[in-house]
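Residue-level structural notes
Listed below are the residues making up each chain.
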Amino acid sequence: MKLRHSPSALVIVEGTDLHHDLLGAALALQEIVIEGGLPAARAVGLDRFVDPMPATSEADVYVLYRSSVTFEPAQQEALSALVAAGKGLVAVHASNLFGFGPGGLAADRAAYELVGSRYVSHGDAGSEGRIEVTVRGDHPVTRYLDDFAIDDEYYVLDYAPDVQVLAERPAGEGTEPVAYVREHGAGRVCYTALGHDARAWGNPWFRQLIRQATLWAAGVDDDMIASWSTRWPLGNARFIGAAT
């Protein structure tokens, strides 16, 4: 029986890619989620959704930082079922590396359909640089965010037609999504392409995005998202939303 009444989060990291700092990501994302007012634990590995232990089954929202091309189909399907039943999922950066393993995209179909996108390439602008992010529309995940700049890694995505894009960056003559939300059964999913390393994790706008995404995915009411997530400064002692 779950003893905690407030929503809780589990930050999960997984992978063997030397280009991503899994331990740093686990610590940074846990800190960000706690800033938003949710208790958060850390875990390593994705072999946890089939017959989950209490640390996994009792969490209301999973914050995933993955840098691997291996994700067992049975675990994908179990995670998808948990979200469809009402869990939340916040997938960060390389967590959508689908279709690059031995089985191709068919082996990652359940995870791809859950997250709603997959990494394709860095594009032709280089792998990293200063990204000018434009916030689009009004949604609890981005409601208190302005347009911002961040030093991060460029991602080009193949994404499902049902995603609601919340933020984008210039790409060639068009734009490329960097954050979106979607529903999956009774659950909520948010993905952001941002968050490669410590330069991004320390960016106050990125931190605000992750705080609000986690609260929203956990099912926190909109007014509580405002009061819980806007207490932390955006730099130069500036606050946003209700805490201005």
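Refer to the structure above for everything that follows.
This report concerns the structure included in the present document. Quick caveat: nothing in here was measured; it's all calculated off a predicted structure.

**Digging into helix H1 (residues 22-35)**
If you check H1, its first and last C-alpha atoms are 20 Å apart, about what 14 residues at 1.5 Å a residue would give, namely 20 Å. H1 sits mainly inside the fold: 10 of its 14 residues count as buried. Listed as buried for H1 are Leu22, Gly24, Ala25, Ala26, Ala28, Leu29, Gln30, Ile32, Val33 and Glu35. Measuring from the backbone nitrogen of Leu23 back to the side-chain oxygen at the start of H1 gives 3.4 Å, which picks out Asp21 as the cap.

**What about the sheet that holds strand S9 (residues 164-171)?**
The strands making up a sheet associate through hydrogen bonds between their backbones, and the pairing can be parallel or antiparallel. Taken in spatial order, the 9 strands of this open sheet run S2-S1-S3-S4-S11-S10-S9-S6-S7, and their pairing is mixed. A strand with exactly one partner marks an edge of an open sheet, and here the two such strands are strand S2 (40-44) and strand S7 (148-153). The mean angle between the axes of side-by-side strands here comes to 25°, regardless of whether they run parallel or antiparallel. In the packing of helix H3 (residues 73-84) onto the sheet, contacts are made with strand S3 (61-67), strand S4 (88-92), strand S10 (174-184) and strand S11 (187-192), and the angle to S11 comes to roughly 120°.

**What to know about the side chain of His196**
Looking at the element boundaries, His196 is found in the loop between S11 and helix H6 (198-201). Assessed through its relative accessible area of 6%, His196 is described here as buried. Polar side-chain contacts of His196 include one of 3.2 Å to the side chain of His93. In this structure the side chain of His196 is engaged in a polar contact, spanning 3.1 Å, whose partner is the side chain of Glu153. Discounting residues that sit within four places of it in the chain, His196 has contacts with His19, His20, Tyr65, His93, Glu128, Asp152, Glu153 and Trp201.

**Focus: H3**
Its 12 residues place the ends of H3 16 Å apart at the C-alpha level, agreeing with the 16 Å of an ideal helix rising 1.5 Å per residue. Within the span of H3, buried status applies to Gln75, Gln76, Ala78, Leu79, Ser80, Leu82 and Val83. Where the residues of H3 are buried, they touch S3, S4, helix H4 (104-107), helix H5 (109-115), S10 and S11. Two residues or fewer past H3, Gly86 is found with a positive phi of approximately 135°.

**Examining the packing of H1 against helix H7 (residues 204-217)**
Where H1 meets H7, the axes come as close as 8 Å, and the angle between the chain directions of the two elements is 65°. Overall, the two elements H1 and H7 adopt an arrangement that is roughly perpendicular. Both H1 and H7 take part in a crossing whose hand is right-handed. Mapping the contact onto sequence places Leu29, Glu31, Ile32, Val33 and Glu35 in H1 and Phe206, Arg207, Ile210, Arg211 and Thr214 in H7. Partitioned by chemical class, the residues of the contact of H1 with H7 number 5 nonpolar, 1 polar and 4 charged.

**Looking at the side chain of Gln212**
Along the chain, Gln212 falls in helix H7. With relative accessibility at 0%, the residue Gln212 sits in the buried group. One polar contact links the side chain of Gln212 to the main-chain carbonyl oxygen of Val141, over a distance of 2.8 Å.

**Here's the deal with the packing of aromatic side chains**
Per the counting criterion, the structure on display carries 6 aromatic pairs. Aromatic pair Phe49 and Tyr62: ring centres 5.5 Å apart, planes at 70°, arrangement edge-to-face. Separated by 13 residues along the polypeptide, Phe49 in the loop between S2 and helix H2 (54-57) and Tyr62 in strand S3 bring together distant segments of the chain. The burial state of Phe49 is the same as that of Tyr62; both residues are buried. These aromatic residues form a ring-pair network of at least three members: Phe100, Tyr119 and Tyr155.

**Some words on the nonpolar core**
Within the largest apolar cluster, 45 residues are counted, with the highest numbers of intra-cluster contacts made by Tyr65, Val90, Val133, Val141, Ile150, Leu194 and Phe206. If one sorts the elements of this core by residue count, H7 sits on top with 8 residues. If near-sequence neighbours (up to four positions away) are discounted, Val133 is found in contact with Asp147, Phe148, Ile150, Ala167, Glu168, Val178 and Leu194. Formed by 32 residues, the second largest nonpolar core is a distinct cluster that contains Phe71, Tyr112, Tyr119 and Val189.

What counts and what doesn't
- Residues numbered from 1 in each chain as written.
- Predicted model: local features only at pLDDT ≥ 70, side-chain atom pairs only at ≥ 80, totals over all residues.
- Heavy atoms only, no water.
- Helix = DSSP H or I, 4+ residues; strand = E, 2+ residues; numbered from the N terminus.
- Expected span 1.5 Å × (residues − 1).
- Buried < 20%, exposed > 50% of the residue type's maximum accessible area, 1.4 Å probe, protein only.
- Polar contact = N/O pair within 3.5 Å; in protein donor to acceptor, adjacent residues only side chain to side chain.
- Pairing = 2+ DSSP bridges.
- Axes fitted to C-alpha atoms, helices over the stretch in contact; angles between N-to-C directions.
- Contact = heavy atoms within 4.5 Å.
- Parallel < 35°, antiparallel > 145°, perpendicular 65-115°, else oblique.
- Left-handed = near helix turned anticlockwise from the far one by under 90°.
- Nonpolar A, V, L, I, M, F, W, Y, C, P; charged D, E, K, R; others polar.
- Phe/Tyr/Trp six-rings, centres within 6.5 Å; stacked < 30°, edge-to-face > 60°.
- Core = buried A, V, L, I, M, F, W, Y, C linked by side-chain atoms within 4.5 Å.

Read these as spatial facts, not as claims about activity.
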